[in-house]
Each structure stands twice: as structure tokens, then as C-alpha cells.
Amino acid sequence: MTSNGWLQILLFFASVLLLAKPLGLYMVKVFERTSTPFDFALRPLERLLYKLTGVKEDEEMGWQQYAIAMLIFSAATLFLTYAIERLQGLLPLNPQHLPGVAPGLAWNTAVSFTTNTNWQSYVPETTMSYLTQMLGLATHNFWSAAVGMALAVALIRGIARREASTLGNFWVDMTRSILYVLLPICVVYATVLVSQGVVQNLRPYDTVKLVEAQSVTTTGTDGKKTTTSIATQTIAQGPVASQEAIKMLGTNGGGFFNTNSAHPFENPTPFTNYLQMLSIFLIPAGLTVTLGRMVGSTKHGWAVFAAMSVFFFLGTTAAYKAESQPSPMMHHVTQTQGNMEGKEVRFGVANSALFATVTTDASCGAVNAMHDSFTPLGGLVPLTNILLGEIVFGGVGAGLYGMLIFVILAVFLAGLMVGRTPEYLGKKIEAVDVQLSMLYLLIFPLIILSLAAVSVLAPTFGTSSLGNQGPHGLSEILYAFASAVGNNGSAFAGLNANTPWYNSSLGVAMFCGRFLMIVPMLAIAGNLARKKIVPASQGTFPVTTPLFVVLLCSVILIVGALTFFPVLSLGPILEHLQMHAGRTY
């Protein structure tokens, strides 16, 4: 670790801290429908959209109606994307004449982008046409992010309101998320990316001559070897900047190119690398300020921000330290740069470790280094971030409502310790709130561990596509299902997931990880909204103090450790110990 590396990390966090408050206060205006600086241009467009779609913006919904509207919208957009993928060979804006996507892969991808996961079991530049990238995938980046923001605001309203039966209007919340927050930022963001060298065009791919021809020898199924001379290279391009902006801002993560943000056309400079990391945390950090202002307790919003920051620094420090060390298997080689395998020299160890931590703290999934090439403990950090529920700022909206579930559980435990009915911001936490919170928390590990266990025990379809065996192979499988259920989308890429089993099982995992957890969360919001406010007393546990931050962090660690420590011990922790004993996989 170097002082320069830490200076970059601290500069990044200072930028997040500086921008959280103004953006959070702006989002309060957006969702409380008060005047914003963009009303003169966007309000007429917003009214036109409601008129064309028949939405009555003054009609609010109960939590059941809110959930049904969200599910209907998600289902409709899922099938739209599936249809575009299957028919892309017949549709325009396909200069490479790519055929329709296979059914299993099309299903997996449609579910992936609908759920804000953006898991990619394919090479984008050789699989998806420009139309599919723009109309099928980039639009989903806006929709899924807006859905997450709407859901977070619905939960905030549930906490803030008293004796109410409604949580707002899903269609209005989603529309305002896109029009007033995502689109304006993305227009500016994409323009800056283009100025830095991110490509944005609709041209066919270029074919260029290599400086030196390369000979490649392949072995066929009959055992015969064939040598081919390669003298040209195809350079993919396309409408990258526009998709890159919302991919990062919406914590989506799906790359236009296979190497994602390690590709120079997606992430060409250290400045774009900094902007991409900053944009991942921008809205989730701002939503903590929005929470504090809307519930009438600014200090509570900052307390939640502080708890998230603790885990951010713990993860960043662990990943940076692990990747700053050379592999013990290379003790005979002089190394001063740490573990550079799978990393871009443009970014180095510090920015690779920071990017990996940020992208898995949030449910983004974009990568500028290959997590499969991290050291065992370095790879443990992004894996643990996902297994904790990606609540460290988290995905757009999803990180906040995931953290608030832990807040309810922490308040409940605090009430048990002092022997009184727990309260959260003046509302009594009852048995049904805790039951729904535990349902939310148990769905996550149940799906991950069950599907990972089936895959590990099934050599015909579960382990046959592994690139590594032993504990590293277990980490690859565990990471895949954790990433799918956590709606992250990054991967330990040693696993070939473009198989019938993984396409179908990961698709189911992504679907369940998104929607089975949203429904109990909305039920909690609806139940909280109906409650009266109880005046604070001397026995009330404050949710604005350092003690609350410590309790909240402890609850998160205990729940995560008890649930996933056994499997982590068999994966990255065992691999680390065996690596020091001279064994690799």
C-alpha cells in the first residue's frame, strides 16, 4: 500500500461525501413534488406522459397496489427485451448481421437486465446488435434503476407517514426518477465520457491489419492440430458512452464490451475511472440524506451513511492490502507492484482494489480488473460485500431499503436488551415487522446456498464448465449465485455460465433475488405507514448516535458471519491457507 494509493481512495470518498447532501436534498424535492430547477422543461413533458398513459398522478397506492404495479411493469419490460433479443436478426441497426439470441441466453439476459443485475453469460460485441444494446439493454438500465429508487422512496414514506394507508404512486415515482434524476445526469455524464475518448457511434466494426501476423494452433475433436495465420483484427465499437453513463449511475454494470470497464473504449483514462466509481455511489449516498430529511431526522440519515462508510473502509483496506502483496508462490521473483495479474496497468492495484470494493458494495457489477485473478483474500472482499446484501451504499434504491431492514432488526434487538417494546423513529416495531424482516433476510442465503450446493454436487452440469477446481472452483460457483441473487452481475470469470443449467438457474436466482425480497419490504412499509407516532421517552433507543452505528454494524456482521462463514471457510479462506502451503488451483 502506498500514500498515493490512499490519497486517491480518500479523494474518492471525500467526493462522495461532498455530493451526497446536495443530491439528496434535490431528490427530496423530486419525490415530494416541490419545485425543482428543471420544472420549466420537464414538468410539461411529465404531464404529457401521464396523459398518454392514463396515469392519475394525484392518486396514491397502498403497498399491495404499489407491488402489483411494479411487478406488471417489470414483467412487461422483461418480455419486451426477450422479444428484441430473439428477433434481432430481423431488426435494423445490426451492421454486423448478428443472429437472434438463443432462447436460454435470451431469457437469462432479459431477467438479468430487468432485475438490475446485468449478469452477462455472453460476449456483448459478438452477440448483441446495436438496437438490442440500446432498446433492449440501455433502456432497462434506466427502468430497473428507477424502480429501485421508487421502492426506496416508498419505504421512506412508510417510515415517515402516520396512520396512512398509501405509499405514493409507483408510476409517478418511477417517471420522476428517470426524468428528474437519471436522464439529466446521464446527458452530462455521457458527454464528458465522449470528451475523454469513450466511443459513441453506429458504425460497423473496423478491420485492421496487425503489425505482425500471429500463428495460432488449435486441436480439433479428432485430435488433429491446425495452424492458422491471423493477420487482421476486428475492432468493435458502437453507442458506448450513452450506455456507459446509465450503466454506472444506475448501478447496473453490464458492459458494452466483454472486458467491461477494463476496456479502453469504455474506460479510457484515470479520470473516467474516477467518474465511474463516483457515479456508482452517487445516488445511493444521496438517498441516505433523502431518508433523513423525509423522516424528519437528518442525523439518522447521516448515521446510516456512517454505518455504510465503516464497511466501505473495512472492505477497501482489506482488498488493497491483499492485492498490494505479491503471491507467496512467486517469492523468488522481485515484485514491487503487488498482484498485477488480471489488472489494467492504467489503473494499478489501488484503483483496481477500490473499484472492486465499490462495485460490490453497490449492486453494480462493472469491473476494471478480473476478480478471478485477485488473491484469495482480495477476492474474499467483493464476495463478502455481495453476501452481506450489498447494503454498503448498495444499488440505486435497493441498498437503502436493504440497510433499513437491518436497521429494523437492530432496533428490535436493542429493545430486547433493555426490556421494552422497540421503537423506530417513534413507531413501535411489532412481531409482524420483525417476521417480515427475517423473511427478507432469509430468502437471500437460502437461494444462494441451495443452488450453489446443487451445482457443486452435480459434475455433469454444475462443475463441468469450471476453469478451476478445489476451493477456488467453489468460490467461482458461490460468487456466481451470490452475484445473481444479489443482483450484482460481476463474476469470478473462471466459470463458463453460458450453459443450459447456469442460464436457467441463474435466471431464476436473479428473479427471486429481486422480487421475492421486494414484496416483504413493501409489506413492512405499508405496516409502518399505518402506525401512530409514539412520543420519545428516556427509554427510547436513539437511532442517531455512534452507539446505534456500532449496533447496526454488529448486527450486519453477525448475520453475515453466521450465515456464510462456513462456506467462505471452504472457499477463499482455505485457498489462502493452501496457497501459503504451496498449493494452487
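Source: prediction; values computed, not measured.

Structural notes on the overall build of the protein chain
Working step 1: When helices and strands are counted, the protein chain shows 17 helices and four strands.
Working step 2: Here the protein chain has a C-alpha radius of gyration of 24 Å; the compact-globule value for 585 residues is 25 Å, and the two agree.
Working step 3: In terms of overall dimensions, the protein chain has a C-alpha envelope of 80 × 60 × 45 Å along the principal axes.
Working step 4: Within the protein chain, the fraction of its 585 residues that count as buried is 58%.

Details of helix α15 (residues 470-485)
Working step 1: Along its 16 residues, α15 runs 23 Å from first to last C-alpha, staying within 8% of the 22 Å computed at 1.5 Å per residue.
Working step 2: In terms of burial, α15 is largely enclosed, as 15 of its 16 residues are buried.
Working step 3: Positive phi shows up at N487, right after α15, with a value of about 55°.

Some details on the nonpolar core
Working step 1: Core analysis: the largest hydrophobic core is formed by 165 residues, its most contacted members being F170, L182, I283 and L522.
Working step 2: In terms of residue count, helix α16 (residues 500-529) provides more of this core than any other element does, 15 residues in total.
Working step 3: Excluding residues within four positions of it along the chain, L182 makes contact with F142, A145, A146, M149, S177, I246, L249 and I283.
Working step 4: V101, L105, F113 and M128 belong to the second-largest nonpolar core, a separate cluster that totals seven residues.

Some words on the pairing of strand β2 (residues 225-235)
It is a general feature of regular strands that their side chains alternate between the two faces of the sheet.
Working step 1: In this structure, strand β1 (residues 206-219) lies alongside β2, joined through ten bridges in antiparallel fashion. Residue T207 lies in a different strand from β2, and its bridge partner there is T234.
Working step 2: Taking the residues that link successive antiparallel strands as the turn, the β1-β2 hairpin has five residues, and the phi of G223 there is positive, at about 90°.

Concerning the environment of N141
Working step 1: By the secondary structure assignment, N141 is in helix α6 (residues 130-160).
Working step 2: Leave out the neighbours within four places in its chain, and N141 touches F113, N118, Q243, I246, K247 and N252.

Details of the side chain of K531
Working step 1: Along the chain, the position of K531 falls in the loop between α16 and α17 (546-580).
Working step 2: Given a relative accessible area of 10%, K531 falls into the buried group.
Working step 3: Among the polar contacts listed, one links the side chain of K531 to the backbone oxygen of K428, at a separation of 2.5 Å.
Working step 4: Every residue in contact with K531, bar those within four places of it in the chain, is listed here: R161, R162, E163, K427, K428, I429, E430 and D433.

Some remarks on a nonpolar patch on the surface
Working step 1: On the surface, a cluster of nonpolar side chains totalling about 360 Å² of accessible area is made up of L45, L48, L49 and L52.
Working step 2: Here L48 is to be found in helix α2 (residues 39-53).

Structural notes on the pattern of salt bridges
Working step 1: Applying the stated rule across the entire model yields 15 salt bridges.
Working step 2: Between E57 and R43 there is a salt bridge whose closest N-O contact spans 3.2 Å. Here E57 is found in the loop between α2 and α3 (63-86), whereas its partner R43 is found in helix α2, with 14 residues between them in sequence.
Working step 3: A salt bridge links K428 to E423; the shortest N-O distance between them is 3.8 Å.
Working step 4: Three or more residues are tied together by salt bridges with common partners; here these are R33, R43, E46, E57 and R176.

Remarks on the domain arrangement of the protein chain
Working step 1: Segmentation of the protein chain into domains returns domain 1 (3-203 + 238-580) and domain 2 (206-235).
Working step 2: Taken over C-alpha atoms, the centre of domain 1 sits 39 Å from the centre of domain 2.

Looking at the side chain of S261
Working step 1: By the element assignment, S261 lies in the loop between α8 (240-249) and α9 (270-294).
Working step 2: When its relative accessible area of 0% is taken as the criterion, S261 is described as buried.
Working step 3: Among the polar contacts made by the side chain of S261, one reaches the side chain of Q276 at a distance of 2.8 Å.
Working step 4: Leaving out residues up to four positions away in the same chain, S261 has contacts with E244, K247, M248, E266, N267, Q276, F347, F355, A366, V367 and N368.

Quick notes on the packing of aromatic side chains
Working step 1: Throughout the structure, instances matching the rule amount to 28 aromatic pairs.
Working step 2: Ring centres of F13 and F312 lie 5.7 Å apart, and the angle between their planes is 15°; this geometry places the pair in the stacked category. With F13 in helix α1 (residues 3-31) and F312 in helix α10 (residues 298-323), this pair connects stretches of sequence that are 299 residues apart. Like F13, the residue F312 is buried in the burial classification.
Working step 3: Joined through ring pairs, the aromatic side chains of F12, F13, F281, W302, F305, F312, F313 and F393 make up one cluster.
Working step 4: Across the ring face of Y180, the terminal group of R176 is positioned such that the distance to the ring centre comes to 4.3 Å.
Working step 5: One residue, K343, lies across the ring of F374, its end atom 4.3 Å from the ring centre.

Points about helix α12 (residues 376-387)
Working step 1: With twelve residues, α12 should cover 16 Å at 1.5 Å per step; its first-to-last C-alpha distance of 16 Å lies within 8% of that length.
Working step 2: Within α12, ten of the twelve residues are buried, which leaves it mostly tucked inside the rest of the structure.
Working step 3: Taken as a whole, α12 has its buried residues at P376, G378, G379, L380, V381, P382, L383, N385, I386 and L387.
Working step 4: At its buried positions, α12 is contacted by α10, α11 (348-361), α14 (431-456), α15 and α17.
Working step 5: After α12 finishes, the residue G389 shows a positive phi value of roughly 100°.

Thoughts on the packing of α11 against α12
Working step 1: Interhelical geometry of α11 versus α12 gives an angle of 15° and a closest axis separation of 8 Å. Between α11 and α12, the angle is such that the two are roughly parallel. Crossing of α11 over α12 shows right-handed handedness. Here A356, T357, T360 and D361 of α11 come into contact with α12, specifically with V381, P382, N385 and I386.
Working step 2: In terms of residue class, the contact of α11 with α12 is made up of four nonpolar, three polar and one charged.

Here we look at the environment of T316
Working step 1: Along the polypeptide, T316 turns up in helix α10.
Working step 2: Of the residues examined, T316 reaches a relative accessible area of 0% and is grouped as buried.
Working step 3: Distance in space between the C-alpha atoms of T316 and L105 is 34 Å, their sequence separation being 211 residues.
Working step 4: Among all residues touching T316, those that are not within four sequence positions of it are I9, L354 and T357.

Observations concerning the packing of α9 against α11
Working step 1: Here α9 crosses α11 at 25°, and the two axes come no closer than 9 Å. Regarding the angle of α9 to α11, the classification is roughly parallel. For the pair α9 and α11, the crossing hand works out as left-handed. Contacts between α9 and α11 involve N273, Q276, M277, I280 and F281 from the former and N351, L354, F355, V358, T359 and D361 from the latter.
Working step 2: Across the contact of α9 with α11, the residue classes tally to six nonpolar, four polar and one charged.

So, how was this worked out
- Residues numbered from 1 in each chain as written.
- Predicted model: local features only at pLDDT ≥ 70, side-chain atom pairs only at ≥ 80, totals over all residues.
- Heavy atoms only, no water.
- Helix = DSSP H or I, 4+ residues; strand = E, 2+ residues; numbered from the N terminus.
- Rg over C-alpha atoms; globule rule 2.2 N^0.38 Å.
- Buried < 20%, exposed > 50% of the residue type's maximum accessible area, 1.4 Å probe, protein only.
- Expected span 1.5 Å × (residues − 1).
- Core = buried A, V, L, I, M, F, W, Y, C linked by side-chain atoms within 4.5 Å.
- Contact = heavy atoms within 4.5 Å.
- Pairing = 2+ DSSP bridges.
- Polar contact = N/O pair within 3.5 Å; in protein donor to acceptor, adjacent residues only side chain to side chain.
- Patch = residues over 30% accessible without salt bridge, like charges linked within 9 Å, V, L, I, M, F, W, Y side chains within 5 Å.
- Areas by Shrake-Rupley, 256 points an atom, 1.4 Å probe, with all protein chains shown as cover.
- Salt bridge = Lys/Arg side-chain N within 4 Å of Asp/Glu carboxyl O.
- Domains from an automatic or database assignment.
- Phe/Tyr/Trp six-rings, centres within 6.5 Å; stacked < 30°, edge-to-face > 60°.
- Lys NZ or Arg CZ within 6 Å of the ring centre and 35° of its normal.
- Axes fitted to C-alpha atoms, helices over the stretch in contact; angles between N-to-C directions.
- Parallel < 35°, antiparallel > 145°, perpendicular 65-115°, else oblique.
- Left-handed = near helix turned anticlockwise from the far one by under 90°.
- Nonpolar A, V, L, I, M, F, W, Y, C, P; charged D, E, K, R; others polar.

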